[in-house]
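Structural overview
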Amino acid sequence: MTTLTHLECAACSKRHSSGQLQNLCDCGGPLLARYDLARLREIWPRDSLAAGPSNMWRYGPALPVSEASSIVSLGEGMTPLIHARRLGQRLGATNIWVKDEGMNPTGSFKARGLSCAVSMCVELGARKLAIPSAGNAAGAMAAYAAAAGLEAHIFMPRDVPQANFIECVAAGAKVTLVDGLISDCARIVGERKAAEGWFDVSTLKEPYRIEGKKTMGYEVAEQFGWELPDAIFYPCGGGVGLIGMWKAFEEMEALGWIDERRPKMIAVQAEGCAPIVRAFESGATHSEFFPNARTAASGLRVPKALGDFLVLDAVRKSGGTCIAVSDEEMLDAGVALASDEGIFPAPEGGACVAALSQLLASGFLKSGERVVIYNTGSGLKYLEAYGGRFPRA
Ligand SMILES: Cc1ncc(COP(=O)(O)O)c(C=O)c1O
Ligand SMILES: [Zn+2]
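Before going into details, it helps to say that this report is about the structure given with it. (Residues numbered from 1 in each chain as written. Chains lettered and ligands numbered in written order. Predicted model: local features only at pLDDT ≥ 70, side-chain atom pairs only at ≥ 80, totals over all residues. Heavy atoms only, no water.)

1. Observations regarding the sheet that holds strand S4 (residues 81-83)
Two pairing modes exist for strands in a sheet, parallel and antiparallel, and in both the strands are linked by backbone hydrogen bonds. Taken in spatial order, the 6 strands of this open sheet run S4-S5-S13-S10-S11-S12, and their pairing is mixed. In this open sheet, the two edge strands, each paired with only one partner strand, are S4 and strand S12 (321-325). For this sheet, the mean inter-axis angle between neighbouring strands, taken without regard to orientation, is 25 degrees. Here strand S5 (residues 96-100) pairs with strand S13 (residues 371-375) via 5 bridges, running parallel. (Pairing = 2+ DSSP bridges. Helix = DSSP H or I, 4+ residues; strand = E, 2+ residues; numbered from the N terminus. Axes fitted to C-alpha atoms, helices over the stretch in contact; angles between N-to-C directions.)

Shown next, in the form of structure tokens:
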């Protein structure tokens, strides 16, 4: 299946071999999977995809798993790409599309990353997995670990959406609710993992969640007939989905599947937690820890991301931008997307709709440009956040 050759540090470019469980480079940088794309270009024409499975494993040759029997799949990926005509009409734009990641197993795009990472844990022999999570990654980890028969140790903020807590416990995970943020959860996993024998599945601290997430980039290209959109809106917590898509575009160009044109990458954050927006506006290459992070979009409550420099680099190279919206705006926009299009988004998806309306109004985007909004999760997982708007008599 795979043509994985090695891992490469995104910070110092050091080469690491890929045949064993691995976290960060000795320099502290995240490791990225590298493939034999020249060979793949010879043997893997894009037209052959149609014969593959209708989930993200159709891109198997550019994913890290070598034995099909290692794959732990619940049908993730190949999510709908929906032309949002009525939303577009309201905003004065004709070419707006929603990639609805809420349709994934466990109701968010996190299924892609965890399907890939847990499959690699099976392949490389990890038995006890630990994860710090803002919520949805925990739910996905619990589900895929259950499907693989592995132990899942989950650390998430005490105030995560109830859906995230219940789905984890139901799937048999060992859940610890932490008085703090995902950064505090990550610290606890880091302190305890050696003694407990846990493999740390923190995003970007292991090299394969990003590989699953990058399939969002492969898919949008395939679904548009190998022509990328003009702009992509992505709600950035850790930003790994955006980094993954950017990596996918590079790989697809090397495969000869797409040309050198890239979408403007637009990183959307919450006003109550906008470290990457701040760094973008100040011209910095890295972000600073964002104090007192708060937002209803729990997935965006990441005060400092390990891959911030990769997000900023991709956004700048693409001619995109970073923008923050308020909780009020994202929830209003989420309800608007539901009533315009029948897609009830996570507040993170709502944030992208709110950001789109601002960038159309400011003229940053033109009305005919083809724009894709990533709705990264289902609104059904955020009933507390939306509940205040819909009191029952
Ligand atoms: C619904 C949702 N959207 C977006 C994100 C942010 O993901 P990323 O790490 O790719 O920025 C999360 C992370 O928890 C999430 O749950
Ligand atoms: Zn390094």
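2. Points about the packing of helix H3 (residues 110-124) against helix H7 (residues 209-223)
Two elements in contact, H3 and H7, have axes whose closest approach is 6 Å; the angle formed by their N-to-C orientations is 130 degrees. One way to sum up the angle between H3 and H7 is to call them oblique. Between H3 and H7 the crossing geometry is right-handed. Residue-level contacts link Lys110, Arg112, Gly113, Leu114, Cys116 and Ala117 of H3 to Arg209, Glu211, Gly212, Lys213, Thr215, Met216 and Glu219 of H7. (Parallel < 35°, antiparallel > 145°, perpendicular 65-115°, else oblique. Left-handed = near helix turned anticlockwise from the far one by under 90°. Contact = heavy atoms within 4.5 Å.)

3. Looking at the coordination of the zinc ion (ligand 2)
Note on the zinc ion (ligand 2): its protein donors are Cys9 (SG), Cys12 (SG), Cys25 (SG) and Cys27 (SG). The metal-donor distances range over 2.3 to 2.4 Å. One can describe the donor arrangement at the zinc ion (ligand 2) as tetrahedral, given that its 4 donor atoms subtend angles of 103 to 115 degrees at the metal. Here the donor residues of the zinc ion (ligand 2) are spaced in sequence according to C-x2-C-x12-C-x1-C. Placement of the pair is Cys9 in strand S1 (residues 4-9) and Cys27 in the loop between strand S2 (15-16) and strand S3 (31-35), with a sequence separation of 18 residues. You can call Cys27 partly exposed: its relative accessible area is 45%. (Donors = N, O, S within 2.8 Å, 3.2 Å for Na, K, Ca; no water. Tetrahedral: all angles 85-135°; square planar, octahedral: opposite > 155°, others 65-115°. Buried < 20%, exposed > 50% of the residue type's maximum accessible area, 1.4 Å probe, protein only.)

4. Let's talk about the site of ligand 1
Neighbouring ligand 1 are 17 residues; Asn136, Tyr234, Gly237, Gly239 and Thr376 lie closest to it. Lys110 places a polar side-chain atom, nitrogen or oxygen, 3.3 Å from an oxygen atom of ligand 1. Tyr234 is positioned with one of its side-chain polar atoms (N or O) 2.6 Å from an oxygen atom of ligand 1. The protein chains hide 97% of the 400 Å² of surface that ligand 1 would expose on its own. When each cavity is represented as a set of grid points, ligand 1 is found to reside in the largest pocket. (Near = heavy atom within 4 Å. Polar contact = N/O pair within 3.5 Å; in protein donor to acceptor, adjacent residues only side chain to side chain. Areas by Shrake-Rupley, 256 points an atom, 1.4 Å probe, with all protein chains shown as cover. 1 Å grid on protein atoms, 1.4 Å probe; cavity = no way out; pocket = protein on both sides within 12 Å on 5 of 7 lines; lining within 4 Å. Sits in = over half its atoms within 2 Å of the grid points.)

5. Examining the side chain of Asn375
Looking at the element boundaries, Asn375 is found in strand S13. A distance of 2.9 Å separates polar atoms of two side chains, one belonging to Asn375 and the other to Asp100. There is a polar contact of 3.3 Å between the side chain of Asn375 and the backbone nitrogen of Ala346. Sequence-distant contacts of Asn375, defined by excluding residues within four places in its chain, comprise Val98, Lys99, Asp100, Glu101, Gly102, Ile343, Phe344, Pro345, Ala346 and Gly349.

6. Remarks on the nonpolar core
Membership of the largest hydrophobic core comes to 64 residues, with the highest contact counts inside it found for Leu242 and Phe249. Top contributing element to this core by residue count: helix H8 (residues 240-254), with 8 residues. Sequence-distant contacts of Phe249, defined by excluding residues within four places in its chain, comprise Gly217, Val220, Leu228, Ile232, Ile258, Arg262, Pro263 and Met265. Counting 33 residues, the second-largest nonpolar core is a separate cluster that includes Ile96, Ile266, Ala270 and Leu360. (Core = buried A, V, L, I, M, F, W, Y, C linked by side-chain atoms within 4.5 Å.)

7. Observations concerning unusual backbone geometry
You will see that Met78, though not glycine, has its phi angle at about 50 degrees, which is positive. Summarising the element assignment, Met78 is placed in the loop between helix H1 (37-43) and S4. The phi dihedral of Thr106 is positive, around 65 degrees, even though this residue is not glycine. The residue Thr106 is located in the loop between S5 and H3 in this model.

8. Focus: the layout of surface pockets
In this structure, the largest pocket spans a volume of roughly 610 Å³. Considering the residues around the largest pocket, the lining is formed by 39 residues, among which Ile182, Thr203, Gly237, Gly238 and Val302 are closest to the centre. Only helix H4 (136-148), helix H6 (182-196), H7 and strand S10 (231-235) provide two or more residues apiece to the lining of the largest pocket. In terms of residues, the lining of the largest pocket owes the most to one element, H6, which gives 3 residues. (Points joined across faces, edges and corners; volume = space filled by probe spheres on them.)

9. Points about the pairing of strand S11 (residues 264-270)
Along S11, 6 of the 7 residues are buried, which leaves the element largely enclosed by surrounding structure. Regarding topology, H8 serves as the crossover connection from S10 to the parallel S11, and that connection is right-handed. As judged from the 5 bridges shared by S11 and S12, these two strands associate in the parallel manner. Pairing of Val268 across the sheet is with Ile323, part of S12. (Right-handed = clockwise from strand over helix to strand, strands pointing away.)

10. Quick look at helix H12 (residues 347-361)
Look at H12: 21 Å from first C-alpha to last across 15 residues, which is about the 21 Å you get at 1.5 Å a residue. Among the residues of H12, Pro347, Glu348, Gly349, Gly350, Ala351, Cys352, Val353, Ala354, Ala355, Leu356, Leu359 and Leu360 are the ones counted as buried. Remark: Gly363 follows H12 within two positions and exhibits a positive phi of approximately 90 degrees. (Expected span 1.5 Å × (residues − 1).)

11. Side note on helix H9 (residues 275-282)
Buried within H9 we find Pro275, Ile276, Val277 and Ala279. The positive-phi residue at the C-terminal boundary of H9 is Gly283, with phi of around 80 degrees.

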